[in-house]
Amino acid sequence: MATKETVVVEDLVKELKRATLEDGETATPVLAKISAADPKMYEEVDLAEPLHNLLSTTSSGCDGLRAQVAKCIADVAKTASQRKRFTSRNTIGILLNFIAEAHKTDKIALVTQSCRALGNICYLNDDARNIIVELSGDATLVKLLDVKVNATDDAAAMEQFIKVRCGVLSNFILGGEEFAKKAMALGIMEKLEATTEAASKENPLPEDLLTNTLPPLSILTENVSDLKFSATLNGSLVRILGASTNPDLAEMCLELLHYQAEYDDVKVLLAKEGLCETIYRLLEKYKTFASSNSDARALMKSACDLIVLILTGDDSMNYLYSTAFLTNMEAWLGAEDVDLVTTGVLALGNFARTDSHCIDMVQSNVMQKLLEILAKNNGTTDDMNLQHALLSTLRNLVIPKVNKTAVIEAGLVKILLPMLEIHTPWVVFKLLGTLRMTVDGQEKLALELLANEKLIKQLVAWSNITDHAGVTGESLRLMAWLIKHAYAVHRHDGDANAQPFREDHTSLVHFAHTEGAVESMVRMLTSQHLVMQNESLIALSILLIVFSGSTAEQQQQQRPVDLDALLVAANVGGRLAELISQRADTMTKEIVENLQSVVALLRKSDALAQHMAQHNIDELLKSIPIIVEYCTL
């Protein structure tokens, strides 16, 4: 049974088939009704033939009605089924012919509606795109960018034309790299660049023109790998960003500049173009608005991210360090907005990639400001992005040896230790890295931390995490570094009987008695990274030297450490066997020497020697190429 809607559609189709362009009174009303209706009403009806027949009428003086037909096609072709029906060489060819007359001002309405129609037909439709290419229509579309917009033109008509010309171009190049490169071969980049550059120099900025010119650049960037803009275009985007009052336009500029700032040479260019200072001024101007508007907040974060990205380049970072921008970032440490504070911290962290910059920051008041911020934000409920940024920056600052004492005396470790309550992996990873860099060469601090039961227990727990390799690795490395820097070892010509500098082993006793601590150092032997395997060997050497070399009197004064039992329980022989079997061919001379030292120390104990024999360690050592080379010299 026919529905009322079906009857209406059938009647409209009958009217459409009777209509002619010569009789505007019959054509105009039915075209208007079809355009105004929901395109889904015509899903089951083929409107392509009658509309094509109207469009192809050769009568002169009917451009106005042809524009209405093109508009009707555009409105109907919003559904996938109708797009397929209009995907024919004849219909697409006629539309391209109309579009080719874009340079004629009296054709602007017909060109505009033809662009709409063709844009909707080729949306998500490679068949239509291929027909456009076969008819050389891609060249016709790119030439649309040559049409100049004059002040004397009909403003409303030209505004719509500007919108739809880039719309049809965008829908064509959305087909992927193949279609994007065809457009590029026809000069689309040069034309978009020329339009953008000219517009960027106008005052006031023609924001409508730019809002519709930049999207094709975004699509080209996404579809063509390693697409790098010219210096002129990047400079134009910086000027537009600085002058724009339109949030959508600013967002487009930021998006494009983000893509371009992936290249180090472009980072330098953008730095010298003043992009970071431009962003700083804009954020200072609109930061109050951003605090109450979610869209503005997203835009602020995007702008902040771009600042940080530019500073990741060595040349751009060094250039900006010599400008007033450094002072701007220091000023943001005192900002009320957490995103601005975080950006300031991250910026300073990137500046702190050279020893000289780090030393400057510690000698000035920057380091103290960072510590004050962290002291107020080192809890489980504080902003994790800010915590991550602070830890990253402070880690860089403590790398130069001359900085360590000053940062430690300023209270860094006291501020860091409460953060053991935090269990967010990416924050924990930075926390552990910061502590590891801080204890490097700091014997007193290493001794204190090694005796910190809460810290060691937490490190053991984190070292057992299997779903975040970074936290696991840093936990193991920090324990190994604490042992290494707290108990420096004498080496006398490779003598395995070398004794530690210190006689007070209290801190190491605390470590050894922490459940799972010795096992962690043994497990570290089979880490994926050679550097960690070597650190494990050094830590185990120190444990063996300290506890196997302790006198009975010393052992009575401390809690006895049954290292033999701990190592056997941790299957040290099995781990050494696995290490040798998997890494024999890639072992460095240093690792082999440390491995031999550990094995020699293990042989001093009858229980450990027997354990080693069970795992065939002596025979496995003979399979290491470097050892074989030594023996055959």
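All values reported here derive from a predicted model rather than from experimental measurement.

## Topic: the overall build of the chain
- Broken down by element type, the chain carries 40 helices and zero strands.
- Taken over the C-alpha atoms alone, the chain extends approximately 115 × 55 × 55 Å along its principal axes.
- Residues classed as buried in the chain amount to 54% of the 633 residues present.
- For the chain, the proportion of contacts with a sequence separation of at least 24, taken over those separated by at least 6, is 73%.
- In the chain, which carries 58 positive and 82 negative side-chain charges, the distance between the mean positions of the two groups comes to 2 Å.

## As for the confidence of the model for the chain
- Per-residue pLDDT for the chain has a mean of 91; in total, 92% of the residues score no lower than 70.
- Residue range residues 490-494 is modelled with pLDDT below 50. Its contacts to residues more than four positions away, or to other chains, number six contacts.

## Examining the environment of Lys78
- Relative to the helices and strands, Lys78 is located in the loop between α4 (63-76) and α5 (80-86).
- Take Lys78: its relative accessible area is 48%, and that puts it in the partly exposed class.
- C-alpha separation for the pair Lys78 and Met189, spaced 111 residues apart in sequence, amounts to 28 Å.
- Excluding its chain neighbours within four sequence positions, the residues that come into contact with Lys78 are Pro39, Arg83, Arg116 and Asn120.

## Examining the pattern of salt bridges
- In the structure shown here, the tally under the stated rule is 24 salt bridges.
- Across the pair Lys104 and Glu101 runs a salt bridge, and its minimum N-O distance is 3.1 Å.
- Judged by relative accessible area, which is 34%, Lys104 ranks as partly exposed.
- For Lys457, the salt bridge goes to Glu453, with nearest N and O atoms at 3.1 Å. You can see Lys457 and its partner Glu453 sitting in helix α29 (residues 453-463), four residues apart, about one turn around the helix.
- Overall, Lys457 belongs to the partly exposed group, its relative accessible area being 47%.
- Among the residues examined, Glu453 registers a relative accessible area of 49% and is labelled partly exposed.
- Residues participating in the shared-partner salt-bridge network are Asp63, Arg66, Glu101, Lys104 and Lys107.

## Re the packing of helix α18 (residues 294-311) against helix α21 (residues 338-351)
- The N-to-C vectors of α18 and α21 enclose an angle of 5 degrees; their axes lie 9 Å apart at closest approach. The orientation of α18 relative to α21 falls into the category roughly parallel. Between α18 and α21, the residues in contact are Arg297, Met300, Lys301, Cys304, Ile307, Val308 and Leu311 and Asp339, Leu340, Thr343, Leu346, Ala347, Asn350 and Phe351, respectively.

## Side note on the packing of aromatic side chains
- Across all of its chains, the model carries three aromatic pairs by this definition.
- On the numbers, 5.2 Å between centres and 45 degrees between planes, the contact of Tyr280 with Trp332 is tilted. Residue Tyr280 is found in helix α17 (residues 275-290), and its partner Trp332 is found in the loop between α20 (325-331) and α21; the two are separated by 52 residues along the sequence.
- Of the residues examined, Tyr280 reaches a relative accessible area of 16% and is grouped as buried.
- The class for Trp332 is buried, based on a relative accessible area of 2%.
- The side chain of Arg129 reaches across the aromatic face of Phe179, ending 5.9 Å from its centre.
- When the ring centre of Trp481 is taken as reference, the NZ or CZ atom of Arg436 above it lies at 4.7 Å.

## Side note on unusual backbone geometry
- Residue Pro204 follows Asn203 across a cis peptide bond; omega there is 5 degrees.
- Despite not being glycine, Asp226 shows a phi value in the positive range, around 55 degrees.
- Checked against the element boundaries, Asp226 lands in the loop between α13 (207-223) and α14 (231-243).

Parameters at a glance
Residues numbered from 1 in each chain as written. Predicted model: local features only at pLDDT ≥ 70, side-chain atom pairs only at ≥ 80, totals over all residues. Heavy atoms only, no water. Helix = DSSP H or I, 4+ residues; strand = E, 2+ residues; numbered from the N terminus. Buried < 20%, exposed > 50% of the residue type's maximum accessible area, 1.4 Å probe, protein only. Contact = heavy atoms within 4.5 Å. Lys, Arg positive; Asp, Glu negative; His and termini not counted. Charge placed at Lys NZ, Arg CZ, Asp CG, Glu CD. pLDDT = per-residue confidence, 0-100. Salt bridge = Lys/Arg side-chain N within 4 Å of Asp/Glu carboxyl O. Axes fitted to C-alpha atoms, helices over the stretch in contact; angles between N-to-C directions. Parallel < 35°, antiparallel > 145°, perpendicular 65-115°, else oblique. Phe/Tyr/Trp six-rings, centres within 6.5 Å; stacked < 30°, edge-to-face > 60°. Lys NZ or Arg CZ within 6 Å of the ring centre and 35° of its normal.

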